[in-house]
Every structure is written in C-alpha cells, then in structure tokens.
Number of protein chains: 2
Amino acid sequence: MSKDEMGAILRKYDMKSPVTNNDLSDPMEFNLMFSTQIGPTGLVKGFLRPETAQGIFVNFKRLLEFNQGKLPFAAAQIGNSFRNEISPRSGLIRVREFTMAEIEHFCDPNLKEHPKFDDIKDTPMTFYSACNQMDGKSPAQMTIGEAVKTGLVANETLGYYMARIHKFLTTVGIKFDCLRFRQHMNNEMAHYACDCWDAECLTSYGWVECVGCADRSAYDLNQHMNATGVRMVAEKRLPEPKTVNVSEVITNKQTLGKTFKKDAKTITEALAKLSISEVEGVEKSSLKDTISVRHSTKTMHVEEIIPSVIEPSFGIGRILYSLLEQNFNTREGDDQRCYFSLPPVIAPLKCSILPLSNNQDFTPFVKKLSSSLTKDEISHKVDDSSGSIGRRYARTDEISIPYGITVDFDTLKEPHSVTLRERDSMKQVRVPFDEVSDVVKQLASGRRTWESVLQKYPLFEQQEASAK
Amino acid sequence: MSKDEMGAILRKYDMKSPVTNNDLSDPMEFNLMFSTQIGPTGLVKGFLRPETAQGIFVNFKRLLEFNQGKLPFAAAQIGNSFRNEISPRSGLIRVREFTMAEIEHFCDPNLKEHPKFDDIKDTPMTFYSACNQMDGKSPAQMTIGEAVKTGLVANETLGYYMARIHKFLTTVGIKFDCLRFRQHMNNEMAHYACDCWDAECLTSYGWVECVGCADRSAYDLNQHMNATGVRMVAEKRLPEPKTVNVSEVITNKQTLGKTFKKDAKTITEALAKLSISEVEGVEKSSLKDTISVRHSTKTMHVEEIIPSVIEPSFGIGRILYSLLEQNFNTREGDDQRCYFSLPPVIAPLKCSILPLSNNQDFTPFVKKLSSSLTKDEISHKVDDSSGSIGRRYARTDEISIPYGITVDFDTLKEPHSVTLRERDSMKQVRVPFDEVSDVVKQLASGRRTWESVLQKYPLFEQQEASAK
C-alpha cells in the first residue's frame, strides 16, 4: 500500500486519533535511520548505524582467520547506535542515541552444545515461555539445565549465554525477583530466528527489555553473502575424505564474446553457478558449440558450512536505568534520607575517607590512607568538608559509596585504628589502621564479604548522627 | 568575503590548482559538522558533535556541586566525535569518526599551582618551544620542573598534565625518542588560549599531534554564560569579609510598562547590568521619574570567580596508530618474521598456553593453567593447533602476546614445570608449574620485571624452531 493509498483510506473512513479524536495528518515517509551527507559535495549519503552487530559480520572472515579457521568463536563489540525514534521517552529507556554491547558467537549449526554449559547448568532463573504467555499463565522458575533439557530453550549455547546474562545482571545489582527471561512469541520473533529470549528488568515503567539473546541461525552471514558475493563460510574437516563427481562448463571465450557481446560476462557467471544436472542439460542444448563440459572427480577433505550465530545484545542505558531504580532506597522511618545500594564491584567510588573534624592531626592519617588506596587502584573520595560526620555519611550514601573510613581521635592513639562503615547496614567496625586498606580492597573486589569483616573486627557502636 | 565574491576573484585572476594546473570549481559552502534531521517531521535539524568537551561545560554547575562547590576539580569523558573531513587519509590519522578522551580541569585563575606537581617535577621531556620553532632551532630536553620554573610552560597545572600525558604515552608504548611536546605558535594558538602544547608522536607520516594540552582560560564557560545567561561561576571565600557599596535601580514597573510597552523588559534587564557609576548617571537623567535608585552597603563573604580550564584532549585512534607503528618490529636477519612489542600492560592477551604437541597427557596441565589464569583475570589464549611450537610462537608474536607458557614432556615429570618465554628477547626460563601463573600475573600487571624472573629461574636453552 502506497502512502497515497493509505491516505485515501484514512479519508474514506474519516479515521480519527483513537485517543484525542483529532484529525489525522496525511501519512508521511519516515526512516528510522538518521541520514547525513558525507564529504564536500554532499552527494554521498550516509546513515548512522542502527545497531553495532553488522561490523562484526562484515569482519567475519578475518575473525575466523584469527581463530585459525576453527569454530566456535565469538566476537564482542560496544558502541553507540542511533535510531530516529518518533517519540523518545521514559528517561534512558527509549532514546535516539544509545550504547549497545553485542556478542556474536559463531558455531557449527549442528554442534550447539557448549563445553562450559556444565559450569552454569544449575543456575536458577525465571522463564516466561511463549506458551505460558499464550495461555495467560505466569512465568516459571527452573534451572537453565532443566530449561535446555526439556527443550524450552533451544540449545546449550543459547542457554549458556542466557545464564551468563543472568549472572552478569545479578552481579551488577539487578534483583533476582525483578528479572525474568521472556521468550519471543512466534508472531514477534524475526522470521530467521530459531529461538529468542529477552532478559527483562522490572521498573516503574513495567518489565523493560534490557538484553536480547537470540539464535539468529545463519541469517546475517547469508544476507551479506547474497549482497556481496563474498563466501562467508567456515571449513569443517570431514570424518573421512569423500569423492564427488564434478561437472563444469568450459566456455570458449572468443566465440561467446562474439555471439553475446556485453552479455557474455553475465552468461559466464550464470553458467558457473549451475548444478550438475543443469550442466548436463546445457551439454545437450543449442549452446553446445560455444561451450563444452568437463566431467571429473574431486576428493573432498572438508565441507563448507555457514555458521549459526547466537547473539546476546545488551542495551547499556536500559540496564543502567533499571540498576539505579532497583537500587534506590530510603532509610527506614526517614524517606528524605536516600541511598543507592549498588554492589561494591560497580560502585564508581569504593570508599570514602572522612576525618572526624578539621583537626590538623588527622591529615597525615588521611593522606597515608589515600595513597595506600590509590596504590591498590581503589577509587575513593576524601571528604574533609566541614559537615557533621552524619551529614557526610549521608552524602556518600547518596552516591552509593559502599565503604567509609573515619579517622577520629582514637586513630591518633597507639595502636592506630579507624572505623569502617558499610553503607546498606550502616554498621561500623573498628579496624587497625595498617589493615584497613587491604580489607577495603578485598571487599571492593568481591573477594571478601562484609559478614566476614563483622566476624573478625569489633563492632563500633557509636550512634550515627542524623543527617538533617 | 562572500562565496560569490571569492568566485569572482578566482575568475578575475584566472587562478588554477597549484598542483595540477586544472581549473578550479566555484567556491561552495561546506560545514565541517555532519547534519541530520531529528524526529518524524524532519524539521528539527541536529548535528553530530565535533568534540566531546562541551558536554562537560554544559554540566559545569552540577559537577561543581558534586565537588561541594570547591575548586579545583576535573571531569573526564570519552566518546565518539564526528567531523566531515574534506579528505580523510593516512589510516587512523585523519578520519571522519573518531574516539576522543578529554579531561577538563577547572581551577581558580589565580591559583594554577598543583599539589602533586612535586611528584612529577623531575620527569625529563622533550620540548619544542614556539621560539625554537621560529628560530629554526631543534627541540630541547629538560625536566617539566625546569620548564615551568623558567616560564616556558605557563603554570604548574598545565605542566602537571603534560607530565602525566608523557607518562601515559610512554607507559602504553610510545618511545621516548619518538615523542615531543610542541608549543603552539602565536599565529596558530586559539585566541583565548594562554598556552597550548601538543604531544606529537613520530610516525612514517611525520610528527603527528596525538594529545593536545591547553590552558583555555575561562573562554568556554564565558561563551556558555553569554549564550544562555546561566551563571557558570564558583564562589571563593574571601580572606576577610568585605563591605561594598551597592547601588541598584528600582523601577516603577507600572510606569515603565505604560511608557515603554514591550521594550520595558529589555530596559529592566539593561538597568540591572549597570555599574555603580552608570547607576549614578541614571539617577540624574530624564528617567528619574520612572525609576529610583537605592544605595546600600553589603557585606561580602565570598567572591565569584569564573574558573580557568586546563584541557588535555586525547585522540585515541592517533595514539593507537602511533603505538602500532612504533612497536612493529622484525626479527634480526628475518624480515618475514614480525612482532609487535606492545608493553604487557596494554597487550590485549597477556599470555599464551601452548602444549608442545597434541599428546593427550598435556591436556589436564593446559586446562589447569587456563583456569588459574582466568581466575586471576589474566587474558590468555590456548593454542593447541597442530603447528610446530616455533610457528605457534611466531603467531603469538604477531599479535603481541608478551608471555608464552609451553607444556612439554618435562611438565609430565615430577616436580612439574613449564617453560616461560618472553616475546621481545625470545628468552625462556623453566618455572615450577605451581608458580607460573602467579609469575605471569605479576609480569602482566607490571609488578615484576622480566629481568627479575631471569635472575630467579634457570634459563631454558632449547633452540626455537624456525617459524617458516
């Protein structure tokens, strides 16, 4: 249906906006890709890429070579993509410029087992199958191992990436109960995909698709091959060599050129693509004076295969938005005092250093701690401003700093010690000065839990002053 | 001069291309920024950003608040920029889409000392001053401390960043002798800059500007203030409170509105901007019935200052290109055998694991090493393909893997051991199996030198098989 035909129908039935009952404008053409002009003449039209994936497909042959011609292998890429959304909205959820991270995993279409599947098969996850969606049922919990075994998830490689996506999201701070994998239904799945699951995070906008994980079969490589004529295939060694009959058309270039002039090239190319039975047909045709057919046998040691592609595709902005919303909290009984409970591993600053007051005696201790943390590459912030310690704790809570070291008057006494505070529980322990930066380093990298710190060091029971 | 006037002059003097002597086309307008249309109507014009810096200036007030209103502070950003180069060329050197990383350091214009300058003041660097360029002299070597002390480099903060740029570039693999800092000459320096130095790397295209480091004074913040009317200032506490006389114009809004109608607003705004002496002039003017003047005194505890900006700006693609070119080497006596000598800290893969042959007994050792390196987050590559060990070493050299572990028949014997090879020297040592992943970890993170490894472990003297 053309633009004009659409417009005619809108007018014929006097269609109105279903929401406002206003008149509708005439249909207009609209490209979801942003276009621009390249170079001084402005005659070269360019488009901003709407996804990062194609850069990997275009480089498939080099990547395969880099992996010594062997399947499976994967390539990952992160970058900006641009889509001319008609109606951008919902903060970072629907935007016109966004950061994507994509992995393309290339594998033999007949070998979708994954060698590391065993490591993750017991991961419990929430699955919202296409069937359950159709039947109006709820999502179900099971392990990824069960999901692959029962055929709910198409294969081990797809399942492996789904479990790794699950692990990634929960590690960075998405809550287990606010994360589900929803299977695409037949009517929404791209025609070429075998199976496709979206990792969805629960936000105040509802369940938001944050990561897609699709088995795209050989669709993309086939499309590139058809458009460019470049063979995008891998070779697979045959269990034993195979002898095949080969028939090829040999053209007499001179005669062909004389007879067909500028069509000769097209004809030669078409002849090269013929199947054996077609070649035999040509042999008997009226062309038999211009061309001849050579029959031979060939021993094949490898077969060509077009790899399947499993593609996890991360929307970084959406993950970030979900993370921030799911980790935004207020203190019990004081909804003005808010904090972000981001896991230490992704909190931009791991630790704050707070001298109790602007007493000059604290300065050498603060400096020593700061350079020790810098040496261990622990990002931290010294807050020696004049606010009360409670106000300064509240300030670090607001920007999600998980640990706080306070240098106080007891620090000045031998043996030197400081307090170490954990953001979410607001509990504090007293730690020897020489040990604290190592403890923070272990906590920040996830190699030690706060519970083990609580067990080892004495609790520091001083009431935290109000932030107000 | 307009486009048409330019064209007329070109024709009048019958100007030709100086290189080819061909006719010149008519002048045409050309925007170095890429434009596009945003949204469904296509009426909103947008441009791809030509630099990342402005995003930081726009957010200046938030950043200042984040730093509790105190100067100095710095913000950094990395991202893509787009420039419609007329003639992109020279690989990654001149491209239309490129990755930039910029730091904007905001400081009091009267306090450009840097607290950490002492840490880096002895860094020897190569300076190519504007004077030496004018006089046809060569660049000179001195420490950054001397350069700031003699006034060659304008101030400590600029000098601090120049030294840090120097350290960064040499750490990632730019050679000391192929790096110089060239001062902008007066005729090339932006009119607002106090001082500007380019870190230039030597390549086969000559000296290429890879990092700019400029003292941009208060130019950018002033421009944003003028365009938006938003005050982009920091407050500085005065040593002691200051009493100042204030005279302000009080308008009778009703009379003013009646008299000047729609110009009233413009007049009110202009009056608010007057200096004290101007206000006193107004007091005696014919306007004195419409407006009155209020004289008072005000105690000031702070003064407003517009921060100066020191801006190091990194062209990532150019640095990468220079790095690759400066680190591309061939083995002595065999120019077919090439390797990249990237420092371990930036080599994408830190280590290879090579079983000597496809003997199945090697497999458990290879697996154990691989998981141990994975646990320590050391990126590595297992190459168990069938090539000779020499060919596989050559392959790892080509992609700059600095260390290689070979599992051989001696590995199978007690006490288990492996060989560890360094890429540039091709020297090998024999290291106990249980120690090797820790040794590689220390080497890869720069916490241990290869020399210390050579001293501790016995040399392994087996001739490396030819790669050919």
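Residues numbered from 1 in each chain as written. Chains lettered and ligands numbered in written order. Predicted model: local features only at pLDDT ≥ 70, side-chain atom pairs only at ≥ 80, totals over all residues. Heavy atoms only, no water.

1. Quick notes on the overall build of chain A
Now for step 1: In terms of regular secondary structure, chain A is built from 17 helices and 19 strands.
Now for step 2: Dimensions along the principal axes, computed over C-alpha positions, put chain A at roughly 105 × 70 × 55 Å.
Now for step 3: In chain A, which comprises 468 residues, the share counted as buried stands at 43%.
Now for step 4: Considering only contacts in chain A between residues 6 or more positions apart, those separated by 24 or more positions represent 64%.
Now for step 5: In the form shown here, chain A has an accessible surface area of approximately 26,300 Å², with 52% of it arising from carbon and sulfur atoms. (Helix = DSSP H or I, 4+ residues; strand = E, 2+ residues; numbered from the N terminus. Buried < 20%, exposed > 50% of the residue type's maximum accessible area, 1.4 Å probe, protein only. Contact = heavy atoms within 4.5 Å. Areas by Shrake-Rupley, 256 points an atom, 1.4 Å probe, with all protein chains shown as cover.)

2. Describing the packing of helix α9 (residues 253-260) of chain B against helix α10 (residues 264-272) of chain B
All names here are of chain B.
Now for step 1: Two elements in contact, α9 and α10, have axes whose closest approach is 9 Å; the angle formed by their N-to-C orientations is 125°. By the angle between their axes, α9 is oblique relative to α10. For the pair α9 and α10, the contacting residues are Leu256, Gly257 and Phe260 in the first and Ala264, Ile267 and Thr268 in the second.
Now for step 2: Split into classes, the residues belonging to the contact of α9 with α10 amount to 4 nonpolar, 2 polar and no charged. (Axes fitted to C-alpha atoms, helices over the stretch in contact; angles between N-to-C directions. Parallel < 35°, antiparallel > 145°, perpendicular 65-115°, else oblique. Nonpolar A, V, L, I, M, F, W, Y, C, P; charged D, E, K, R; others polar.)

3. Some remarks on the nonpolar core
Now for step 1: Of all hydrophobic cores here, the largest spans 35 residues; its most connected members are A:Phe127, A:Ile144, A:Val153 and A:Met162.
Now for step 2: Sorting elements by how many residues they give to this core places helix α7 (residues 156-172) of chain A first, with 8 residues.
Now for step 3: Those residues in contact with A:Val153 that lie beyond four places of it in its chain are A:Phe127, A:Ile144, A:Ala147, A:Val148, A:Leu158, A:Gly159, A:Met162, A:Asp195 and A:Trp197.
Now for step 4: B:Phe117, B:Tyr161, B:Cys210 and B:Cys213 belong to the second-largest nonpolar core, a separate cluster that totals 34 residues. (Core = buried A, V, L, I, M, F, W, Y, C linked by side-chain atoms within 4.5 Å.)

4. Brief notes about the sheet that holds strand β17 (residues 403-407) of chain A
Residues and elements named next belong to chain A.
Now for step 1: On the basis of which strands lie adjacent, the open sheet formed by 5 strands has the order β16-β15-β17-β18-β19 and mixed pairing. Strands at the two margins of the open sheet, each flanked by one partner only, are β16 (380-382) and β19 (428-432). Neighbour-to-neighbour, the strand axes of this sheet turn through a mean angle of 25°, independent of strand direction.
Now for step 2: Against the sheet, helix α16 (residues 433-444) engages β15 (351-355), β17, β18 (417-422) and β19, with an angle of about 125° to β19. (Pairing = 2+ DSSP bridges.)

5. Looking at the pairing of strand β9 (residues 206-215) of chain A
Residues and elements named next belong to chain A.
Now for step 1: Where burial is concerned, most of β9 is hidden: 7 out of the 10 residues are buried.
Now for step 2: As defined by bridge partners, strand β8 (residues 195-203) adjoins β9 across 9 bridges and the pair is classed as antiparallel. Following the sheet pairing, aspartate 195 is matched in β9 by aspartate 215.
Now for step 3: Both β9 and strand β12 (residues 308-315) contribute to a ladder of 5 bridges, which runs antiparallel. By the bridge assignment for β12, glycine 212 is matched with serine 313.

6. Section: the relation of the copies chain A and chain B
Now for step 1: If you rotate chain A by 179° and push it 0.0 Å along the axis, it lands on chain B with an RMSD of 0.3 Å. What we have between these two chains is a two-fold relation. Residue A:Thr36 of chain A places its C-alpha closer to the rotation axis than any other residue of that unit, at 2.6 Å.
Now for step 2: A high fraction, 100%, of the interface residues of chain A reappear at the interface in chain B, so the copies pair face to face through one surface. (Least-squares fit on C-alpha atoms with pLDDT ≥ 70 in both.)

7. Some details on the sheet that holds strand β7 (residues 179-183) of chain A
Residue and element names in this part refer to chain A.
Now for step 1: Taken in spatial order, the 8 strands line up as β3-β4-β12-β9-β8-β7-β5-β6 in an open sheet, and their pairing is mixed. The outermost strands of the open sheet, each flanked by one partner alone, are β3 (73-82) and β6 (140-143). Geometrically, the sheet is characterised by an average inter-axis angle of 30° between neighbouring strands, direction not taken into account.
Now for step 2: Along the sheet, α7 contacts β3, β4 (97-107), β5 (124-128), β7, β8, β9 and β12; its crossing angle with β9, the most-contacted strand, is approximately 145°.

8. Some words on unusual backbone geometry
Now for step 1: Cis geometry marks the peptide bond from A:Glu414 to A:Pro415, where omega comes out at -10°.
Now for step 2: Within the secondary structure, A:Pro415 sits in the loop between α15 (409-412) and β18.
Now for step 3: A cis amide bond, omega -10°, links B:Leu71 with the succeeding residue B:Pro72.
Now for step 4: Among the structural elements, B:Pro72 can be located in the loop between α3 (60-66) and β3 (73-82).
Now for step 5: Positive phi, normally seen in glycine, also occurs at A:Met426, with a value near 60°.
Now for step 6: On the secondary structure map, A:Met426 appears in the loop between β18 and β19.

9. Topic: the environment of B:Ala193
All names here are of chain B.
Now for step 1: Here alanine 193 shows up in the loop between β7 (179-183) and β8 (195-203).
Now for step 2: Between the C-alpha atoms of alanine 193 and alanine 218, which are 25 residues apart in sequence, the distance is 9.0 Å.
Now for step 3: Ignoring sequence-local partners within four residues, the contact set of alanine 193 consists of Asp215 and Arg216.

10. Here we look at the interface of chain A and chain B
Now for step 1: Facing 24 residues of chain A, the contacting portion of chain B comprises 24 residues.
Now for step 2: Overall, the association of chain A and chain B removes approximately 2,000 Å² of surface from exposure, summing both partners, and the carbon and sulfur fraction of that is 56%.
Now for step 3: Ranking the residues of chain A by area buried against chain B places A:Pro40, A:Phe66 and A:Gln68 at the top, with a combined share of 24%.
Now for step 4: Linking chain A with chain B are 2 salt bridges. (Buried area = accessible area lost by both parts, 1.4 Å probe. Salt bridge = Lys/Arg side-chain N within 4 Å of Asp/Glu carboxyl O.)

11. As for the UniProt feature "domain: Aminoacyl-transfer RNA synthetases class-II family profile" (unreviewed entry) in chain A
Now for step 1: The UniProt record marks residues 1-113 of chain A with the feature "domain: Aminoacyl-transfer RNA synthetases class-II family profile" (unreviewed entry), using the residue numbering of this structure.
Now for step 2: Across residues 1-113 of chain A one finds 20% helix and 26% strand; the C-alpha atoms that close the span lie 45 Å apart. (UniProt positions renumbered as here; feature names shortened; annotations may be inferred.)

12. Considerations on the side chain of A:Asp408
Residue and element names in this part refer to chain A.
Now for step 1: One can find aspartate 408 in the loop between β17 and α15.
Now for step 2: Here arginine 430 takes part through its side chain, which lies 2.8 Å from a polar atom of the side chain of aspartate 408.
Now for step 3: Excluding anything up to four places from it in sequence, aspartate 408 contacts Leu356, Phe362, Thr419, Arg430 and Phe460. (Polar contact = N/O pair within 3.5 Å; in protein donor to acceptor, adjacent residues only side chain to side chain.)

13. What to know about the pattern of salt bridges
Two side chains with opposite charge may pair up if their charged atoms get near one another.
Now for step 1: Within the structure shown, the criterion is met by 38 salt bridges over all chains.
Now for step 2: Residues joined by salt bridges that share partners form a network here, namely A:Asp14, A:Lys16 and A:Asp23.

14. Structural notes on the domain arrangement of chain A
Interface size is often expressed as the accessible area that is lost when the parts come together.
Now for step 1: Structurally, chain A comprises domain 1 (1-30), domain 2 (31-219 + 308-316), domain 3 (239-304) and domain 4 (340-456).
Now for step 2: Centre-to-centre separation of domain 1 of chain A and domain 3 of chain A, based on C-alpha positions: 54 Å. (Domains from an automatic or database assignment.)

15. Notes on a nonpolar patch on the surface
Now for step 1: Judged by side-chain polarity, A:Met1, A:Met6, A:Ile9, A:Tyr13, A:Met15 and A:Leu24 come together as a nonpolar surface patch covering roughly 610 Å² of accessible area.
Now for step 2: Take A:Met6: it is sitting in helix α1 (residues 3-12). (Patch = residues over 30% accessible without salt bridge, like charges linked within 9 Å, V, L, I, M, F, W, Y side chains within 5 Å.)

16. Some remarks on the state of the cysteines
All names here are of chain A.
Now for step 1: Summed over all chains, the structure comprises 0 disulfides over all chains.
Now for step 2: With no disulfide of its own, cysteine 107 lies 9.7 Å from the sulfur of cysteine 194, the closest cysteine sulfur.
Now for step 3: With relative accessibility at 2%, the residue cysteine 107 sits in the buried group. (Disulfide = S-S within 2.5 Å.)

17. What about the environment of B:Gly404?
Residues and elements named next belong to chain B.
Now for step 1: If you trace the backbone, glycine 404 turns up in strand β17 (residues 403-407).
Now for step 2: Sequence-wise, glycine 404 and arginine 392 are 12 residues apart; in three dimensions their C-alpha atoms are separated by 9.9 Å.
Now for step 3: Discounting residues that sit within four places of it in the chain, glycine 404 has contacts with Ser352, Thr419, Leu420 and Arg421.

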